[in-house]
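Spelled out, the chains give:
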Number of protein chains: 2
Amino acid sequence: MIRKGRLFTPGPTQLLPSAQLAMAAASMHHRTAEFRALYSKVLADLKTFVGTSSDVILFTASGTGAMEAAVSNLTSPGDQVLVVSAGKFGERWESLAKAYGCQVETVRSDYGQTVTPQQVREKLKPSHAVLYMQASESSTGARHDVQGIAALLKGTSTLLVVDAITGLGTTRFDVDGWGVDVIIGGSQKAVMIPPGLAYCAVSERAWQRMEAAKNPRYYFDLRKERKNGAKGESSYTPSTALVAALAAAFDYLREQGGGDLAAGRDVLIDNAETAAAMTRAAVEALGLKLFSAAAPGAALTAITSPAGIDSGDIVKAFRNRFGAVVANGQGEMKGQIFRIAHLGYYDYLDTIAIIGALEHVLAGTGRKVELGSAVTAAQKVYAQASKSAPGAK
Amino acid sequence: MIRKGRLFTPGPTQLLPSAQLAMAAASMHHRTAEFRALYSKVLADLKTFVGTSSDVILFTASGTGAMEAAVSNLTSPGDQVLVVSAGKFGERWESLAKAYGCQVETVRSDYGQTVTPQQVREKLKPSHAVLYMQASESSTGARHDVQGIAALLKGTSTLLVVDAITGLGTTRFDVDGWGVDVIIGGSQKAVMIPPGLAYCAVSERAWQRMEAAKNPRYYFDLRKERKNGAKGESSYTPSTALVAALAAAFDYLREQGGGDLAAGRDVLIDNAETAAAMTRAAVEALGLKLFSAAAPGAALTAITSPAGIDSGDIVKAFRNRFGAVVANGQGEMKGQIFRIAHLGYYDYLDTIAIIGALEHVLAGTGRKVELGSAVTAAQKVYAQASKSAPGAK
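Residues numbered from 1 in each chain as written. Chains lettered and ligands numbered in written order. Predicted model: local features only at pLDDT ≥ 70, side-chain atom pairs only at ≥ 80, totals over all residues.

Caption draft 1: The arrangement of the overall build of chain A in detail. A tally of helices and strands in chain A yields 14 helices and 15 strands. The C-alpha atoms of chain A give 21 Å as radius of gyration, which agrees with the globular expectation for 393 residues (21 Å, within 12%). Summarising its shape, the C-alpha atoms of chain A cover approximately 60 × 50 × 40 Å along the three principal directions. Burial statistics for chain A: of 393 residues in total, 56% are counted as buried. Contacts spanning at least 24 positions in sequence make up 72% of the contacts within chain A whose residues lie at least 6 apart. (Helix = DSSP H or I, 4+ residues; strand = E, 2+ residues; numbered from the N terminus. Rg over C-alpha atoms; globule rule 2.2 N^0.38 Å. Buried ≥ 20, exposed ≤ 12 C-beta atoms within 10 Å, placed from the backbone. Contact = placed C-beta atoms within 7 Å.)

Next comes the structure, spelled out in structure tokens:
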């Protein structure tokens, strides 16, 4: 059969066609009334999507750029910071904070595990200027307890910075209510457009902290971007095509929510939850192991490769036989796990189809597979979820 | 008449349709053999386009991101640096170097002027770690003498960093021969694609300097990008859609050069030179003043607004009457000048058409204009240029 190329990777994710077309058609100068109106709309939509009353800042960069902003703008050399780490992106916080001269302490769990609020409580000190964590560790699929950790920081002067690059659009957050000071997202994730834009919402407490933070920053200067953002502008030439794509993606989500963007975002979260639950049921039916069984998130499902099988071979088989790109493990998990994404533009057909393909791929490794068993398990989850969904018939 | 929206701004510039389509169609994961092959090809094409044997580094950022990289990777706090400044982008070098704790000295000329090698010679000291300059000052249209200034630095330990964001594809450089240590470009300029990618070529001498440079950098870490670039990868998720667009743009330029990308780049430079010469002849025929008369570049032509006329009104008239977006002055030149771009995807029809529109716009300000006079002057320049061009019939 022919093989269409399809991404099942936790970023870049599948693209929204109307956003692709908006991107191709966008031919705008960034210092025009037309673009200022578009940019202001996108910044306002980002606030709604994140679910915050704080100002949101947009950078032309990948998500790591916004992570860097949350270090360089909030710290001075020598500051003590606490990092929650149980995967590759937790380690990125450590590297970033060290690059900016911070004294880094880490609350660490093994890859595939989560870090509990109790573990954080034992390490947290009043001298910690900032706590850096992930909402969803993209390298393992584990979801960390942002609410529980945020509660520990209430009444302290430790700022809470959350990389929610694969968390936004897959997890419910009460950003302001919980006291998240900075929450970070990226364009190639649940918002269904290509990589190249990063964004973050910043609390008043964090804006205050910046006044005294002494680390150098220029391209990622949050205060400068906030000032220009209020006028519908970016400090430097923005990725105009991607801004147009993002506007189209929010229009789609608004439509999904019956005219309400926040409701559309919740549809997206429920969608990812259902796709993840279907995939977990399939994994179980096949006798495979969930890598992050303790706290599996909805952004992606990480699956432990069967004993004796390099997960790279599974990734290759998906691509060569079906044109489907699933993700290998990253860093030390390469060869050990493979990852299937649910965040963003994946529907029932995508989900059931990749599970069908998984059965053939596993059978191809010599494992005994009853064809249809995983698909059926996933269908039952779907049937149950749609029965309980509002508006189900 | 209907009004098509068209950019005549010195970035973003007019888009190459095949690049727009490539961008919309690009649906790739960045850690695949397919993308590594594309990325490696684009990095190799960038070397050819820049005309250097040095490694080229690509960032998902606007041009300012690569400018920041040339400061944070090459300096330590307290370093003495020399900045050549005669416009808004020269001032950006000053701000950037200050943000990273450098001691900044400046060789300054007025907006619209150039800075001569003689002026630089008088300020240059052996203690200057780096000299930062523009090849083409986008805010004024002036071209600085990169070759002349590079010659002064020969045999010194002062590195030469050139922002050629509007210089590349509009100016001939002998990057390696002249001893340019870092030369910087951006995607939304002569390469005819939207903003969102910045690139720079880095000399061996500059790579050496980085070993000891103590300023913090992470997202813009050049050495890390070089290491990953050698494997066809970027350190962080790149703007895959724009990388695909850039590949399409280089394919177009290769075709223009009869299969030779360097020749295609030279076609692009000659094209900009002709469009600029046509525009200058039109300006003269209309009795207007070139703002950068001493050293007008081919990237854009800056025109002084007639006495008593705010250039913003001229910009508005171009847009409202003809759908054409020309640029106002920036910073202190706002209201004083307007700027028409030639870099990238502008042909004879674009050039003659905007000159025709200029006549109507000027007539609309109450100025006496003989319709057709500027167009004719420009046509004569074109006729002369095409007579002397290789292959002319």
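Caption draft 2: Spotlight on the packing of helix α12 (residues 311–322) of chain B against helix α13 (residues 348–364) of chain B. All names here are of chain B. Closest axis-to-axis distance for the α12/α13 pair is 10 Å, and the angle between their directions is 120°. Here α12 is positioned oblique relative to α13, judged by the angle of their axes. The crossing of α12 and α13 is right-handed. Listed contacts from α13 to I314, A317, F318, R321 and F322 of α12 are A357, H360, V361 and G364. When its residues are assigned to classes, the contact of α12 with α13 shows six nonpolar, two polar and one charged. (Axes fitted to C-alpha atoms, helices over the stretch in contact; angles between N-to-C directions. Parallel < 35°, antiparallel > 145°, perpendicular 65-115°, else oblique. Left-handed = near helix turned anticlockwise from the far one by under 90°. Nonpolar A, V, L, I, M, F, W, Y, C, P; charged D, E, K, R; others polar.)

Caption draft 3: Just the relation of the copies chain B and chain A, in detail. It takes a turn of 180° to lay chain B on chain A, together with a shift of 0.0 Å along the axis; the resulting RMSD is 0.0 Å. Overall, the copies show the geometry of a two-fold rotation axis. A share of 98% of the interface residues of chain B reappears at the interface of chain A, consistent with the copies meeting face to face through the same patch. (Least-squares fit on C-alpha atoms with pLDDT ≥ 70 in both.)

Caption draft 4: Spatial organisation of the sheet that holds strand β4 (residues 103–108) of chain B. Residue and element names in this part refer to chain B. Taken in spatial order, the seven strands line up as β2-β10-β9-β8-β5-β3-β4 in an open sheet, and their pairing is mixed. One side of each edge strand has no neighbouring strand; the edge strands of this open sheet are β2 (55–60) and β4. Taking each pair of neighbouring strands and ignoring which way they run, the sheet shows an average axis angle of 20°. Pairing geometry for β2 and strand β10 (residues 197–202), over six bridges, is antiparallel. Directly across from I57, in β10, lies its bridge partner C200. Of the strands in this sheet, β2, β8 (159–163), β9 (182–186) and β10 are in contact with helix α3 (residues 63–72), which crosses β10 at around 30°. Contacting β3 (80–85), β5 (128–134) and β8, helix α6 (residues 146–153) crosses the sheet at an angle of about 165° to β8. (Pairing = 2+ DSSP bridges.)

Caption draft 5: Here's a closer look at the nonpolar core. Core analysis: the largest hydrophobic core is formed by 273 residues, its most contacted members being A:M23, A:C200, A:A249, B:M23, B:C200 and B:A249. Sequence-distant contacts of B:A249, that is, excluding residues within four places in its chain, are made with B:L16, B:A19, B:V191, B:M192 and B:I193. (Core = buried A, V, L, I, M, F, W, Y, C linked by C-beta atoms within 7 Å.)

Caption draft 6: Structural context of the environment of A:S203. Residues and elements named next belong to chain A. Take S203: it is sitting in the loop between β10 (197–202) and α8 (204–212). In this structure the C-alpha to C-alpha distance between S203 and V146, which are 57 residues apart in sequence, comes to 16 Å. If sequence neighbours within four positions are ignored, S203 has contacts with S54 and D181.

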